[in-house]
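Here's the letter readout for the chains.
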Amino acid sequence: MAGIILITFPDLLTSELPNGGTSTLSGSYLSSGFEYIINLVFIIFLAKDFKKEKMNSPLILIMTFFSAFIGIILFLLSVASNKINQTKIELNE
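Criteria and cut-off values
Residues numbered from 1 in each chain as written. Predicted model: local features only at pLDDT ≥ 70, side-chain atom pairs only at ≥ 80, totals over all residues. Heavy atoms only, no water. Helix = DSSP H or I, 4+ residues; strand = E, 2+ residues; numbered from the N terminus. Buried < 20%, exposed > 50% of the residue type's maximum accessible area, 1.4 Å probe, protein only. Contact = heavy atoms within 4.5 Å. Areas by Shrake-Rupley, 256 points an atom, 1.4 Å probe, with all protein chains shown as cover. Phe/Tyr/Trp six-rings, centres within 6.5 Å; stacked < 30°, edge-to-face > 60°. Salt bridge = Lys/Arg side-chain N within 4 Å of Asp/Glu carboxyl O.

Undergrad: Mind showing me how you'd approach the overall build of the protein chain here?
TA: Regarding its fold elements, the protein chain presents 4 helices and 2 strands. The order of α-helices and β-strands along the protein chain, N terminus first, is α-β-β-α-α-α. Out of the 93 residues belonging to the protein chain, those deemed buried represent 17%. Contacts in the protein chain between residues at least 24 apart in sequence constitute 44% of all its contacts with a sequence separation of at least 6. Summed over all atoms, the accessible surface of the protein chain reaches about 7200 Å², with 67% contributed by carbon and sulfur.

Undergrad: Please clarify how the packing of aromatic side chains should be interpreted in this entry.
TA: Inspection of every chain in the model, using the stated rule, returns 3 aromatic pairs. For the ring pair Phe65 and Phe66, a centre distance of 5.2 Å and an interplane angle of 80° mean the geometry is edge-to-face. For Phe65, a relative accessible area of 27% puts it in the partly exposed group. Taken together, the aromatic side chains of Tyr36, Phe65 and Phe66 make up a single cluster linked through ring pairs.

Undergrad: Hey, could you run me through the environment of Leu61 in this one?
TA: Tracing the backbone shows Leu61 in helix α3 (residues 58–66). Overall, the relative accessible area of 21% leaves Leu61 in the partly exposed class. Taking the C-alpha atoms as reference points, Leu61 and Gly71, 10 residues apart in sequence, are found 6.6 Å from one another.

Undergrad: What is the right way to look at the pattern of salt bridges in this model?
TA: Opposite charge on two side chains allows them to pair when their charged atoms are near. One pass over the structure, following the stated rule, counts 2 salt bridges. We note a salt bridge from Lys52 to Asp49, for which the minimum N-O separation is 3.9 Å. Highlighted residues: Lys52 and Asp49, both in helix α2 (residues 28–53), separated by 3 residues, approximately one helical turn. Overall, Asp49 belongs to the partly exposed group, its relative accessible area being 26%. Salt-bridge contacts for Lys83 lead to Glu53; the nearest nitrogen and oxygen are separated by 3.4 Å. Of this pair, Lys83 sits in helix α4 (residues 68–92) while Glu53 is found in helix α2, placing the two residues 30 residues apart along the sequence. Lys83 gets classed as partly exposed once you look at its relative accessible area, which sits at 42%.

So this is what it looks like as structure tokens:
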């Protein structure tokens, strides 16, 4: 995605300095920005699933912002743990 944008707008990450020179940022800035936007989308989906499962864990949502993979894995592990605990409680009753 970042490559397509840089091909379409090659001067997007280039700025002109006051002394006549130019400053260019690497494409990784654009890639990192897209990654964080995608992680925000995952946070929205996980927040909805937390409400559906009647759970609350802001730490998992914060971790999802930095790594969607880790956030989703921790969400799945916490849901599985809650399901196992509910099953144990129901069996003991």
